[in-house]
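Next come the chains, spelled out residue by residue.
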Amino acid sequence: MLFEIDAASDVTVVRCSGRIVQGDGRDDLVDAVMSQDCPHIQIDLRRVTAIDASGLGALVALERWARDGDRKLELINPSKRVRQTLEATKLNSVLHITPSQGRGQAA
């Protein structure tokens, strides 16, 4: 998994690509997001090809971290496969998901 961070004072966008799975950079993603000092963080999932239970757990942990720190965490542009996984696990009712939003959109 690869990711890049576009940090600004009002919103930080974390663009992910590849797989969010155990042992493939998932922990690096969690650490990078948690190191951001921003009230609004968007995780762009447009280029994520797969996500496993461990990756889903990481997203839930990040949601809790954001909520506990009075931050807004938003998953944006989920790929079809990720969106289907979130729906199948009912996490789409727990996580804030936006089909296409703001600075996370492709230029």
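### Topic: the packing of helix α1 (residues 26-34) against helix α2 (residues 53-68)
- Packing of α1 against α2 leaves a shortest axis separation of 10 Å and a crossing angle of 10°. What the angle tells us is that α1 and α2 run roughly parallel. On the side of α1, the interface is formed by R26, V30, V33 and M34, while α2 contributes S54, G55, A58, A61, L62 and W65.

### Overview of α1
- Within α1 the residues assigned to the buried category are R26, L29, V30, A32 and V33. Along α1, the residues classed as buried sweep out an arc of 165° about the axis, all on the same side.
- Of the surrounding elements, those touching the buried residues of α1 are β1 (2-7), β2 (12-20), β3 (40-51) and α2.

### Some thoughts on the confidence of the model for the chain
- For the chain, the mean per-residue pLDDT works out to 90, and 93% of the residues sit at or above 70.
- Segment residues 103-107: pLDDT under 50, and 18 contacts once partners within four positions in sequence are set aside and those in other chains are kept.

### Details of the pattern of salt bridges
- Per the stated rule, a full pass over the model turns up four salt bridges.
- Of the charged contacts, one joins R26 and D27 as a salt bridge, the two residues approaching to 2.4 Å between their closest N and O atoms.
- R26 sits in the buried class, given a relative accessible area of 14%.
- Classification of D27 by relative accessible area gives partly exposed; the value is 45%.

### Some details on the pairing of β3
- Most of β3 sits out of view: nine of its 12 residues are buried.
- Bridge count between β2 and β3: eight bridges; the pairing is parallel. Looking at β3, one finds that G18 is bridged to V48.
- Since β2 and β3 lie parallel, the crossover through α1 that links them has a hand, and here it is right-handed.
- The sheet contact formed by β3 and strand β4 (residues 72-76) spans five bridges and is parallel. Residue pairing across strands places D44 opposite I76, the latter belonging to β4.

### Some points on the side chain of N77
- In this structure, N77 sits in the loop between β4 and α3 (80-88).
- A distance of 3.3 Å separates the side chain of N77 from the side chain of D44, its partner in a polar contact.

### Here's the deal with the sheet that holds β4
- Spatial ordering of the open sheet is given by β1-β2-β3-β4-β5, a layout of five strands whose pairing is mixed. In this open sheet, the two strands that pair with only one neighbour each are β1 and β5 (97-98).
- Sheet strands touched by α2: β2, β3 and β4. Its angle to β3, the strand with the most contacts, is close to 175°.
- The strands touched by α3 are β3 and β5; relative to β3, the strand with the most contacts, the crossing angle is about 100°.

Definitions and cut-offs
- Residues numbered from 1 in each chain as written.
- Predicted model: local features only at pLDDT ≥ 70, side-chain atom pairs only at ≥ 80, totals over all residues.
- Heavy atoms only, no water.
- Axes fitted to C-alpha atoms, helices over the stretch in contact; angles between N-to-C directions.
- Helix = DSSP H or I, 4+ residues; strand = E, 2+ residues; numbered from the N terminus.
- Parallel < 35°, antiparallel > 145°, perpendicular 65-115°, else oblique.
- Contact = heavy atoms within 4.5 Å.
- Buried < 20%, exposed > 50% of the residue type's maximum accessible area, 1.4 Å probe, protein only.
- Arc of directions from axis to C-beta.
- pLDDT = per-residue confidence, 0-100.
- Salt bridge = Lys/Arg side-chain N within 4 Å of Asp/Glu carboxyl O.
- Pairing = 2+ DSSP bridges.
- Right-handed = clockwise from strand over helix to strand, strands pointing away.
- Polar contact = N/O pair within 3.5 Å; in protein donor to acceptor, adjacent residues only side chain to side chain.

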